[in-house]
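Observations on the three-dimensional arrangement
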Amino acid sequence: MGPPPEPAPSTPLVLVHGLFDTPRIFDSLRRRLAGRRSPLLVPHLPHALGSVPLEDLAAMLGSHIEAAFGTEQPVDLMGFSMGGVIGRTWIQLGGGYHRTRRFLSVASPQRGTLAAVPWPRLALAGIADMKPGSDLLRRLDRDIEPLRQIECCSFYCPTDLTVFPGWEAVLPVGPSKPLPVFWHNLLMAEPGSLDPVVAELLRP
């Protein structure tokens, strides 16, 4: 009898940070995962204080994924805050739905945030992309069939003042779940927020 077969590798997980964040925003989450999601990719996407359009950042995300996993390996994707809109843009407009198994959006302005309204597109295109009714969000909402082809789940913070109103931070498909944390900047740090996110990430 030969050696036992090697266990099948798990689906790679890609974590996408948001505005004014770096991959370090996921340090607490990575500690909680404790190596149970591997391989793991946490790319740095330089948003230049919100001046880079989200489509450009989505293209960068796609390049990171291809460099790490090739062009066909299925992936799971989780985006926090602006990272969730970047991930959704890659999935819907960049063809990422062809290789995405599961997509988690955590406190992401999928329907826009009123906090982005005052900022002009000329100087801060990435922030302007998150205005309610922005051209990008309208394009994403125009054809949600790519999202229907993958598993989607939204987590939101009802009292969020960064993605405001918080209950609008949900995808148009899939279940949505509130997180029991008061502030946006605690969502990737507090156990009450991380516990349900980790449970979803570890779901078979």
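Bear in mind that the values here come from a model prediction, so they are computed numbers and not experimental data. (Residues numbered from 1 in each chain as written. Predicted model: local features only at pLDDT ≥ 70, side-chain atom pairs only at ≥ 80, totals over all residues. Heavy atoms only, no water.)

1. A word on the overall build of the chain
- Tallying secondary structure elements over the chain gives seven helices and six strands in all.
- The C-alpha radius of gyration of the chain comes to 16 Å, within 12% of the 17 Å expected for a compact globule of 204 residues.
- Counting only C-alpha atoms, the chain reaches 70 × 35 × 30 Å along its principal axes.
- Counting across all 204 residues of the chain, residues that qualify as buried make up 50%. (Helix = DSSP H or I, 4+ residues; strand = E, 2+ residues; numbered from the N terminus. Rg over C-alpha atoms; globule rule 2.2 N^0.38 Å. Buried < 20%, exposed > 50% of the residue type's maximum accessible area, 1.4 Å probe, protein only.)

2. Points about the confidence of the model for the chain
- Of all residues in the chain, 96% attain a pLDDT of 70 or more, and the chain-wide mean is 94.
- Low pLDDT, under 50, characterises residues 3-8; the stretch is placed with zero contacts to residues that sit more than four places away or in other chains. (pLDDT = per-residue confidence, 0-100. Contact = heavy atoms within 4.5 Å.)

3. A few points about the pattern of salt bridges
- Taken as a whole, this structure holds 13 salt bridges when the rule is applied.
- One salt bridge connects R203 with E200, and the closest N-O pair in it is separated by 2.9 Å.
- Judged by its relative accessible area of 8%, E200 falls in the buried class. (Salt bridge = Lys/Arg side-chain N within 4 Å of Asp/Glu carboxyl O.)

4. Topic: the nonpolar core
- Of all hydrophobic cores here, the largest spans 33 residues; its most connected members are V14, L61 and I86.
- Secondary-structure elements contributing two or more residues to this core are strand 1 (13-16), helix 2 (54-69), strand 3 (75-80), helix 3 (82-93) and helix 5 (135-142).
- A per-element tally of this core places helix 2 first, with six residues.
- Aside from chain neighbours lying at most four places away, what touches I86 is V16, H17, L45, L54, L57, A58 and L61.
- Counting 22 residues, the second-largest nonpolar core is a separate cluster that includes F26, F80, L179 and V197. (Core = buried A, V, L, I, M, F, W, Y, C linked by side-chain atoms within 4.5 Å.)

5. Some details on helix 7 (residues 191-201)
- Residues of helix 7 that are buried include every one of S193, L194, V197, V198, E200 and L201, and no others. With its buried residues spanning 155° around the axis, helix 7 presents them on a single face.
- Packing partners of the buried residues in helix 7 comprise strand 1, helix 1 (27-33), strand 3, strand 4 (100-106), strand 5 (151-156) and strand 6 (176-178). (Arc of directions from axis to C-beta.)

6. Let's talk about the environment of L124
- Mapping L124 onto the fold places it in the loop between strand 4 and helix 4 (125-128).
- Judged by relative accessible area, which is 18%, L124 ranks as buried.
- With 76 residues separating them in the primary sequence, L124 and A48 have C-alpha atoms 8.9 Å apart.
- Among all residues touching L124, those that are not within four sequence positions of it are L49, G50, S51 and W119.

7. Digging into the environment of P46
- Tracing the sequence through the fold places P46 in the loop between strand 2 (40-41) and helix 2.
- The partly exposed category is assigned to P46, whose relative accessible area is 39%.
- Considering only alpha carbons, one finds P46 and V163, 117 residues apart in sequence, at a separation of 20 Å.
- The residues touching P46, leaving out its near neighbours within four places in the chain, are V52, L57 and M60.

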